[in-house]
Amino acid sequence: MDSTPHEPEPGTRTPSADDRNRPTERAGYWRSEYLPDGTERYWSTLARHCTERDEDRATVAAALDAITWYRHKASVPFSAGASLNEIIRQLTSPPIAAGISEPPITLPESGLSECDRALYLRDPALLDSDLIQTTSVVALAFRESNAVFLMYYLDEGIQARPVALDIRDMDTAPGRSIGCGAGLHQICRGRYITEDRETRPCQCHCGCEQPESALRHD
Ligand SMILES: [Zn+2]
Ligand SMILES: [Zn+2]
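Residues numbered from 1 in each chain as written. Chains lettered and ligands numbered in written order. Predicted model: local features only at pLDDT ≥ 70, side-chain atom pairs only at ≥ 80, totals over all residues.

Peer 1: Looking at this structure, I do not really get the overall build of the protein. What am I missing?
Peer 2: Per the secondary structure count, the protein includes six helices and eleven strands. Relative to its full complement of 218 residues, the protein shows a buried share of 28%. Pairs at least 24 apart in sequence give 50% of the contacts found in the protein among residues at least 6 apart. (Helix = DSSP H or I, 4+ residues; strand = E, 2+ residues; numbered from the N terminus. Buried ≥ 20, exposed ≤ 12 C-beta atoms within 10 Å, placed from the backbone. Contact = placed C-beta atoms within 7 Å.)

Structure below.
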């Protein structure tokens, strides 16, 4: 198998052309790639059956782009909340946000036989329609120091299957909320807390600014 160990170097997200799209077998991820913004994306071996074809990977990648993020502890308004909440319950540190992609996507079921899998890889139309699932991607975002970890799962009803992991640098420009710094602008409430525990308007240019009057409430 063409496998090149791929050691990410924290803080350096400017890959050379050779670094892009190189396969990896590290830590349960069968492939890694760099996105144009420098985000490093790992594709999970546990969902390889859903991402091995370029077209399927593009379907999942489009779903990742279409994720709506919610602040952690906001009630998560989707049915996948149950499996997500179960994951969150078992974590040692809480996520900064949870998300879900819409609309749903269709992918092959997990646990295909070798034969069905070969059939599918030859032509998806050959696979029995019972073996195609409709699913969504649910996601959790974590911050660790100056890095942001976005963990993506396929919602399989009673379980969540890890499908991909993104790692990117926090934007450490001053005057930003954690949400905007993490690139999760949807969860910013237009303000941030200074080290002196003062509330100030968020300086991000994403449109999260709030009128001064709004800052007085909570
Ligand atoms: Zn922002
Ligand atoms: Zn903001």
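Peer 1: Sorry if this is basic, but what is going on with unusual backbone geometry here?
Peer 2: Of all residues except glycine, most have a negative phi; of all peptide bonds, most are trans. Across the junction of E102 and P103, the peptide omega takes the value -5°, indicating a cis bond. Positive phi outside glycine occurs at S145, with the angle close to 55°. Take S145: it is sitting in the loop between β7 (137-144) and β8 (147-155).

Peer 1: Mind showing me how you'd approach the sheet that holds strand β2 (residues 40-44) here?
Peer 2: By definition, the strands of a sheet pair up through backbone hydrogen bonds, in either a parallel or an antiparallel sense. Spatially, seven strands are ordered β1-β2-β9-β8-β7-β4-β3 in an open sheet, and the strand pairing comes out antiparallel. This sheet does not close on itself; its edge strands, each paired only once, are β1 (29-34) and β3 (67-71). When strand polarity is set aside, the average angle formed by the axes of neighbouring strands in this sheet is 20°. Of the strand pairs in this sheet, β8 and strand β9 (residues 160-169) are connected by nine bridges, and their pairing is antiparallel. (Pairing = 2+ DSSP bridges. Axes fitted to C-alpha atoms, helices over the stretch in contact; angles between N-to-C directions.)

Peer 1: Is there a simple way to think about the pairing of β1 in this case?
Peer 2: For a regular strand, side-chain orientation follows a simple rule: the groups alternate between the two sheet faces. Across five bridges, β1 lies against β2 in antiparallel orientation. Each residue of the ladder has a partner; that of Y34, found in β2, is E40.

Peer 1: Is there a simple way to explain helix α2 (residues 54-65) in this structure?
Peer 2: Helical periodicity: at 3.6 residues per turn, an α-helix aligns residues three or four positions apart in one direction. Taking 1.5 Å as the rise per residue, α2 with twelve residues should run 16 Å; its terminal C-alpha atoms sit 16 Å apart, in good agreement. Among the residues of α2, D56, V60 and A63 are the ones counted as buried. Buried residues along α2 cover an arc of 55° about the axis, so they all sit on one side. For α2, exposure combined with an orientation more than 90 degrees from the buried face picks out D54, E55, A58, A62 and D65. Each element contacted by the buried residues of α2 is listed here: α1 (48-51), β4 (97-101), β5 (105-108), β7 and β9. (Expected span 1.5 Å × (residues − 1). Arc of directions from axis to C-beta.)

Peer 1: What should I look at first to understand the environment of A182 in this one?
Peer 2: Note that A182 resides in the loop between α5 (178-181) and β10 (191-193). A count of 25 C-beta atoms within 10 Å places A182 in the buried class. Along the sequence, A182 and D171 sit eleven residues apart, while their C-alpha atoms lie 6.4 Å from each other.

Peer 1: What's the story with the confidence of the model for the protein in this structure? I'm lost.
Peer 2: Fine structural detail should not be taken from predicted coordinates in areas where pLDDT scores are low. Taken residue by residue, the protein gives an average pLDDT of 82. The fraction at 70 or more is 78%. Long-range and interchain partners of residues 1-20, a stretch whose pLDDT sits below 50, account for 25 contacts in this model, where long-range means more than four residues apart. (pLDDT = per-residue confidence, 0-100.)

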